[in-house]
Amino acid sequence: MVYTPSKGPRTLYDKVFDAHVVHQDENDSFLLYIDRHLVHEVTSPQAFEGLENAGRKVRRIDCTLATVDHNIPTESRKNFKSLDTFIKQNDSRLQVKTLENNVKQFGVPYFGMSEARQGIVHTIGPEEGFTLPGTTVVCGDSHTSTHGAFGSLAFGIGTSEVEHVLATQTIIQAKSKNMRITVNGKLSAGITSKDLILYIIGLIGTAGGTGSVIEFAGEAIEALSMEARMSMCNMAIEAGARAGMIKPDEITFQYTKGRPLAPKGAEWEKAVAYWKTLGTDKDAKFDHEIEIEAIDVIPTITWGTSPQDALPITGAVPDPKNVNDPIKKSGMERALTYMGLKANTPLMSIKVDKVFIGSCTNGRIEDLRSAAAVVKGHKLADNIKLAMVVPGSGLVKKQAEAEGLHNIFQEAGFEWREAGCSMCLGMNPDILNAYERCASTSNRNFEGRQGALSRTHLMSPAMAAAAGISGHFIDIREFEYKSQDEGSPKLEVTSEDERELESAAYDHVEPAQPEDAPQDVANDELKDIPTKSNDAPTKPSSSSMKPFLTLEGISAPLDKANVDTDAIIPKQFLKTIKRTGLKKGLFYEWRFHKDDQGKDQETDFVLNVEPWRKAEILIVTGDNFGCGSSREHAPWALKDFGIKSIIAPSYGDIFYNNSFKNGLLPIRLDQQIIIDKLIPIANKGGKLCVDLPNQRILDSNGNVLVDHFEIEPFRKHCLVNGLDDIGITLQKEEFISKYEALRRDKYSFLEGGSKLLKFDNIPKRKAAVTTFDTVHQDW
Ligand SMILES: CC(C)[C@H](C(=O)O)[C@@H](O)C(=O)O
Ligand code: SF4
């Protein structure tokens, strides 16, 4: 179907969406062109494997950029010789080496561990100018929303979609709703965008943005630097939104100009002229509008196990006694127990064990500057067991060192680390021990996130640094700085300073490379990397789906809200390079506890008890099932256990999407209907029948319990026919090529992409890691 964008006033999201429609099908499902695809080691192995098994290539290596971030140790790389000696955890090493093998095989530009430009995907994209205004950006990672700070449409995808994008450079999408959050007035001195976004999530909740793309607008947003805008959009996903976006403006252009991959000369002018047209039109309609007064925002931290558990630092731990909703009340009680907190305790009296400054939310140069300004001249409090600063990228680290920030941190007792995700989710050795309390600048405080039974409090870099110095949470506005004399602390950086420092960050000289990196990766013995899956009878690719028609099976109740994907499958199970074998990890922290010998023992969690051990349908009473991370391991684990359908009031967007790609049917139903009609049956372990063709739910006697549930026609079509998305999209080659021709002309400033990256340290003849000469590959 030919797509005709609306002629009326449009939002920023509408405009970027419209500019990328390759094809619209009858069912209101769109094929969107993807300009930028970031790849990391956790969510890509199965995608590359699928590609290889189907004999497909990466369609646009110039639109693809890979790096390693989640699994890598953050200790000094001075003695880095090879991945074999440096990464001690076998599964982490395997995942990193698998990516190195894949980028080599498929010719994808890649920043490996011996590259100064390596870093967290969401830090390196903007740094390199790979992320550009008005583009579509995807990555197998939920915090891809970060890039929306440039006015790009940026969202996280699952592994099946990573494979889809690698193969076709497109993605199948439904149009989201438009939501605008306007922040009027100016933020008070010392209040950061992290405080603001925590405040917003506290207000609208982690499901507040579900189904929507949020545009952040208003005077306070326009005054933010690009890095501060990135922290905001980074956490849009924590508000349940598909993406967060901010209109590109002079601040955006200044930040972007001169980046290695930003357009130059006439192409730059052409690009800016286009980018200036992207702002929301005056009379454009939003489905939801929220207005906030900046003056109301004060330093904000979280107390519980969800980012929405945010409170002003002057507040106290909430009391479940004051809550009527039974699901909320029990969630609050559980969070208090988990966090080891008593109701009504003033937040500022809570002591801290560890401090983590870093992550894709707050691991950029401005974040480190504001933390260093706090730390300068102080020492860590005696009760702090560990405080670490982990720059978001090698270039951030270099810049910080050029400014002497590392000395400030180290003199105060902080550890100064190498770039990576680190303790944000602890897939590497940086984890909290059980019951340790951490002041963290990351974005998620889920149970077990930073280590089993760990306790995370989210806050801004300045607040985390101040907690380290004080030993307990403290209001940054009352903190006594010692560094006024030298022009520090800089809670705000003037745009002039900023420009100078930013350009310095990219004016780097490549460090001398260790002998066997990365040009010699080709010679590395990648013996432990299976290039083909051994344990599956059929080759796994996204095409191996059985049709879903009716399902009759035992139903199990789950009386919880905001079940995040970290809870569905904790991080330690993400290190697999396969799609199978994840049954043990499903709800791991809830299903198992350790006995005295450290062995796993089953708890009385519902899925450990007969008859629910054989449950095929999960009935969830609370909202927002599967929120958080984009890990497709969540539906893989559910399927591996035997769950084939989930019924809940609402879902995290990415999880919802990922489920369909794996033949797992998520059904949205009104909470009251679930509680009244389905839960009584599930509580008894009774059977339910999901009839997808007729969109209804019956009991085992054939009585209709729900005579209609909604499902998008395209998704239903694919499920009942067992259709493979990639196969469907490949039939639209004609439209994709046509779009690419238009793009080469109209958006010529996007051409070139990551293939323009220079790897000065890699002698041409040995450039095995990347093959830049093939831009458009034929199928
Ligand atoms: C590993 C990845 C799938 C995950 C995400 O999607 O967010 C991770 O980055 C996280 O923060 O939990
Ligand atoms: S949220 Fe944490 S783990 Fe996820 S990409 Fe960002 S830094 Fe990495």
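Residues numbered from 1 in each chain as written. Chains lettered and ligands numbered in written order. Predicted model: local features only at pLDDT ≥ 70, side-chain atom pairs only at ≥ 80, totals over all residues. Heavy atoms only, no water.

(A) Broad picture of the UniProt feature "domain: Aconitase A/isopropylmalate dehydratase small subunit swivel" (unreviewed entry) in the protein. Per the UniProt record, "domain: Aconitase A/isopropylmalate dehydratase small subunit swivel" (unreviewed entry) is found at residues 545-671. Annotation note: span residues 545-671, helix share 21%, strand share 21%, distance between end C-alpha atoms 30 Å. (UniProt positions renumbered as here; feature names shortened; annotations may be inferred. Helix = DSSP H or I, 4+ residues; strand = E, 2+ residues; numbered from the N terminus.)

(B) Seen up close, unusual backbone geometry. Put simply, Glu610 and Pro611 share a cis peptide bond, and its omega is 0 degrees. Looking at the secondary structure, you find Pro611 in the loop between β22 (600-602) and β23 (617-620). In this structure, Ser359 is a non-glycine residue whose phi angle is positive, near 85 degrees. Tracing the chain through its elements places Ser359 in helix α13 (residues 359-362).

(C) Examining the packing of aromatic side chains more closely. Under the criterion given, the structure shown has 26 aromatic pairs. Between Phe17 and Phe30 the ring centres are 5.0 Å apart and the planes differ by 85 degrees, which places this aromatic pair in the edge-to-face class. One end of the pair, Phe17, is in helix α1 (residues 12-18); the other, Phe30, is in strand β2 (residues 30-33), with 13 residues separating them in the sequence. For the pair Phe17 and Phe30, a shared accessibility class is recorded, and that class is buried. For the ring pair Trp275 and Phe749, a centre distance of 6.0 Å and an interplane angle of 80 degrees mean the geometry is edge-to-face. Taken together, the residues Trp275 in helix α11 (residues 265-275) and Phe749 in the segment after α26 (733-746) connect sequence positions 474 residues apart. (Phe/Tyr/Trp six-rings, centres within 6.5 Å; stacked < 30°, edge-to-face > 60°. Buried < 20%, exposed > 50% of the residue type's maximum accessible area, 1.4 Å probe, protein only.)

(D) Broad picture of the site of ligand 1. Surveying the vicinity of ligand 1 reveals the residues Val42, Thr43, His70, Asp141, Ser142, His143, Leu425, Arg444, Arg449, Ser629, Ser630 and Arg631. Between Arg444 and ligand 1, the recorded distance is 3.1 Å, taken from a side-chain N or O atom to an oxygen atom. Taking Arg631, its side chain carries an N or O atom lying 3.1 Å from an oxygen atom of ligand 1. Against a free-state accessible area of 310 Å², the protein chains account for coverage of 97% of ligand 1. With respect to the pocket detection grid, ligand 1 is positioned in the largest cavity. (Near = heavy atom within 4 Å. Polar contact = N/O pair within 3.5 Å; in protein donor to acceptor, adjacent residues only side chain to side chain. Areas by Shrake-Rupley, 256 points an atom, 1.4 Å probe, with all protein chains shown as cover. 1 Å grid on protein atoms, 1.4 Å probe; cavity = no way out; pocket = protein on both sides within 12 Å on 5 of 7 lines; lining within 4 Å. Sits in = over half its atoms within 2 Å of the grid points.)

(E) A look at the nonpolar core. Counting residues in hydrophobic clusters, the biggest one holds 65 residues, and the most contacted among them are Phe587, Leu618, Phe625, Leu638 and Ile646. Top contributing element to this core by residue count: helix α21 (residues 633-641), with five residues. Judged by nonpolar contacts, the second largest core, of 63 residues, contains Ala47, Phe106, Val138 and Leu750. (Core = buried A, V, L, I, M, F, W, Y, C linked by side-chain atoms within 4.5 Å.)

(F) Focus on the site of ligand 2. What surrounds ligand 2 is the set His70, Ile120, His122, Asp141, His143, Ser359, Cys360, Cys421, Cys424, Leu425, Asn443 and Arg449. Structurally, ligand 2 is housed in the largest cavity.

(G) Spotlight on the side chain of Glu418. In this structure, Glu418 sits in the loop between β17 (415-416) and β18 (437-440). Reaching out from Glu418, the side chain makes a polar contact with the backbone nitrogen of Arg77 at a distance of 3.1 Å. Polar contacts involving the side chain of Glu418 include one to the side chain of Lys397, which spans 3.5 Å.

(H) View of the sheet that holds strand β7 (residues 153-156). Reading across from one edge, β5-β4-β3-β6-β7 is the order of the five strands in this open sheet, with parallel pairing throughout. Single-partner strands in this sheet number two, and they are β5 (110-111) and β7. Relative to strand β6 (residues 136-139), strand β3 (residues 36-39) runs parallel, the two sharing three bridges. In the strand pairing of β6, Leu38 is matched with Cys139. (Pairing = 2+ DSSP bridges.)

(I) Here's a closer look at the environment of Met332. Mapped onto the secondary structure, Met332 falls in helix α12 (residues 326-339). Judged by relative accessible area, Met332 falls into the buried class, the value being 16%. C-alpha separation for the pair Met332 and Val352, spaced 20 residues apart in sequence, amounts to 21 Å.

(J) Geometry of the pairing of β2. Here β2 shows no split at all, with Phe30 and Leu32 on one side and Leu31 and Tyr33 on the other all buried. When strand β1 (residues 21-24) meets β2, the two strands line up antiparallel, connected through three bridges. Opposite Val21, over in β2, you have Leu32 as the bridge partner. Counting the residues between successive antiparallel strands, the hairpin from β1 to β2 contains five residues, one of them, Asp28, with a positive phi of roughly 65 degrees. Pairing of β2 with strand β8 (residues 170-173) involves four bridges; the strand directions are antiparallel. Bridging from a neighbouring strand, Phe30 pairs with Gln173 of β8.

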